[in-house]
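Now for the letters of each chain:
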Amino acid sequence: MEKTALIIVDVQNDFVPGGALAVRGGDEVIPVVNRQKSRFDLLVATQDWHPPDHGSFASNHPGKKVGDVIDLNGLAQVLWPDHCVQGTPGAELVPTLDRRAIARVFQKGTDPALDSYSAFFDNGHRKATGLGDYLKEQGVTDVYVCGLATDYCVKFTALDSQKLGFHTHLLIEACRGINLEPGDVARAIDQMEETGVLIVS
Ligand code: VGL
Ligand code: ZN
């Protein structure tokens, strides 16, 4: 039997206009999610949840700036402004997101030495967040992914979901991207499609 889950990725104050790493139109996904949520059997959310000394923050690398790419413990790492620092208002889920139906919130990016774009694993695929086991325990067969940002956390979440064997769908009108380089969002969508993720609206 089909059982569906919606993963709401990083709909946090720092990723919407006014936030530290604002995604253009990021707030526009919220009414879409609130309207669509009853279509799914299970709702989970993720929270980017960094310590202040996180290795993805340009501020922690003297001489480097936002957008630079460094080697962080063997992995290429884009440097970001300080964002989603644990316990700060910027890290909170956006208050207009209807949280009542969200069964669990999974936090990621807590290891200062390693970033974590995917909701399932850190960028080195060293540790799991527990989301994959949780969805399997719940009997989920079909995963729908939405949220922020299309070209980072949404993309890596969808790719891992597909690899874990869930039938994976991108709920495209409930996603917005960063486009650090022009075309990043379009390329991310192509990459998801190539691996079998279904793009749905
Ligand atoms: C994200 C950059 C840095 C995201 C998180 O949620 O897509 N992007 N941290
Ligand atoms: Zn982050």
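Here the structure is a predicted model, which is why all the values come from computation and not from measurement.

Engineer: Explain the site of ligand 1 to me, and be specific about the residues and the numbers.
Structural biologist: As a structural note, the neighbourhood of ligand 1 is formed by Asp 10, Phe 15, Asp 48, Trp 80, His 83, Tyr 117, Leu 148, Ala 149, Tyr 152 and Cys 153. Between ligand 1 and Leu 148, the relevant distance is 3.3 Å, taken from an oxygen atom to a main-chain nitrogen or oxygen of the residue. Protein burial of ligand 1: of its 260 Å² of free accessible surface, 100% is covered by the chains. Put simply, ligand 1 lies in the largest cavity.

Engineer: For the coordination of the zinc ion (ligand 2), give the residues involved together with the corresponding values.
Structural biologist: Looking at the zinc ion (ligand 2), one finds its protein donor set to be Asp 48 (OD), His 50 (NE2) and His 83 (NE2), positioned 2.0 to 2.2 Å from the metal centre. Metal-centred angles of 87 to 172 degrees between the four donor atoms at the zinc ion (ligand 2) mark the site as irregular. Counting along the primary sequence, the residues that act as donors to the zinc ion (ligand 2) give the motif D-x1-H-x32-H. One end of the pair, His 50, is in the loop between β2 (42-48) and β3 (69-72); the other, His 83, is in the loop between β4 (75-78) and β5 (102-108), and 33 residues separate them in sequence. In terms of burial, His 50 and His 83 fall into one category: buried.

Engineer: How would you summarise the sheet that holds strand β6 (residues 142-148) if you had to cite specific residues and measurements?
Structural biologist: The strand order across the open sheet built from six strands is β5-β2-β1-β6-β7-β8, with neighbouring strands paired in parallel fashion. Looking at the sheet topology across the chains shown, the edges are occupied by β5 and β8 (198-200). Strand-to-strand twist across the sheet, computed as the mean angle between neighbouring axes with direction ignored, equals 25 degrees. Sitting on the sheet, helix α3 (residues 150-163) is in contact with β1 (4-9), β5, β6 and β7 (167-176), with an inclination near 170 degrees to β6.

Engineer: For α3, give the residues involved together with the corresponding values.
Structural biologist: Among the 14 residues that make up α3, eleven are buried, leaving the element largely enclosed by the rest of the structure. Of the positions making up α3, those classed as buried are Thr 150, Asp 151, Tyr 152, Cys 153, Val 154, Lys 155, Thr 157, Ala 158, Leu 159, Asp 160 and Ser 161. Where the residues of α3 are buried, they touch β1, β4, β5, β6, β7 and α4 (184-194). A positive backbone phi angle near 100 degrees is found at Gly 165, which sits one or two residues after α3.

Engineer: Lay out the layout of surface pockets in plain terms, naming residues and giving numbers.
Structural biologist: Gaps left between atoms are located by rolling a probe of water-molecule size over the structure's atoms. When its volume is computed, the largest pocket comes out at roughly 210 Å³. Along its surface, the largest pocket is lined by Gln 107, Lys 108, Gly 109, Thr 110, Asp 111, Leu 114, Ser 116, Asp 122, Arg 126, Lys 127, Ala 128 and Thr 129. The class makeup of the residues in the lining of the largest pocket is two nonpolar, five polar and five charged.

Engineer: Account for the environment of Thr 4, naming residues and giving values.
Structural biologist: Mapped onto the elements of the fold, Thr 4 is located in strand β1. C-alpha of Thr 4 to C-alpha of Val 78: the two residues are 74 residues apart in sequence and 33 Å apart in space. Once residues within four sequence positions are removed from consideration, Thr 4 is found in contact with Arg 39, Phe 40, Asp 41, Leu 42, Val 140, Asp 142 and Tyr 144.

Engineer: Describe the environment of Lys 108, naming the residues involved and giving the relevant values.
Structural biologist: Note that Lys 108 resides in strand β5. Residues Lys 108 and Gln 47, spaced 61 residues apart in sequence, show a C-alpha to C-alpha distance of 6.4 Å. Once you skip the residues sitting within four places of it in the chain, Lys 108 turns out to touch Asp 10, Thr 46, Gln 47, Asp 48, Trp 49, Ser 116, Tyr 117, Ser 118, Ala 119, Thr 129 and Cys 153. Polar side-chain contacts of Lys 108 include one of 3.0 Å to the side chain of Asp 48.

Quick notes on the rules
- Here the residue numbering is sequential within each chain, running from 1 through the sequence in written order.
- For this description, chains carry letters from A and ligands carry numbers from 1, given in the order in which they are written.
- Given that the model is predicted, a residue must reach a pLDDT of at least 70 before its local features are reported, and side-chain atom pairs must reach 80 or more before they are shown or counted; all residues, however, enter totals for whole chains, interfaces and linings.
- The side-chain quantities take in all heavy atoms of the structure and omit both hydrogens and water.
- The rule for a residue being near a molecule or strand is that one of its heavy atoms must lie within 4 Å of it.
- Counted as a polar contact is a pair of N or O atoms within 3.5 Å, where, for protein atoms, one must be capable of donating a hydrogen and the other of accepting one, and residues adjacent in sequence contribute only when both atoms are in side chains.
- Per-residue and other accessible areas were derived by the Shrake-Rupley procedure at a 1.4 Å probe size, with only the shown protein chains allowed to occlude residues.
- A pocket here means an open set of points on a 1 Å grid, computed over the protein atoms alone, that has protein on both sides within 12 Å along at least five of seven lines. A cavity is instead a set of points where a 1.4 Å probe fits but cannot get out; residues with an atom within 4 Å of a point line either one.
- Any molecule with more than half of its atoms within 2 Å of a cavity's or pocket's grid points is counted as sitting in it.
- Coordinating N, O and S atoms are those within 2.8 Å of the metal (3.2 Å for Na, K and Ca), and as water is not part of the atoms, a site may appear to have fewer donors than expected.
- Each label reflects the angles at the metal, where four donors whose angles all fall between 85 and 135 degrees are tetrahedral, four or six donors whose opposite pairs open beyond 155 degrees and whose other angles stay between 65 and 115 are square planar or octahedral respectively, and the rest are irregular.
- Secondary structure follows DSSP: runs of H or I at least 4 residues long count as helices, runs of E at least 2 residues long count as strands, and numbering of each begins at the N terminus.
- Note on classification: 1.4 Å probe, protein chains only; a residue is buried when its accessible area is under 20% of the maximum for its type, exposed when over 50%, partly exposed between these limits.
- Pairing between two strands requires that DSSP report at least two bridges joining them.
- Here the axes come from fitting lines to C-alpha atoms, over the contacting stretch only for helices, and the angles between their N-to-C directions go from 0 to 180 degrees.
- By definition in these notes, contact holds between two residues if any of their heavy atoms fall within 4.5 Å.
- Grid points are joined across faces, edges and corners, and a volume is the space filled by probe spheres set on the points.
- Under the convention adopted here, Pro, Cys and the residues Ala, Val, Leu, Ile, Met, Phe, Trp and Tyr are nonpolar, Asp, Glu, Lys and Arg are charged, and Gly plus all remaining residues are polar.

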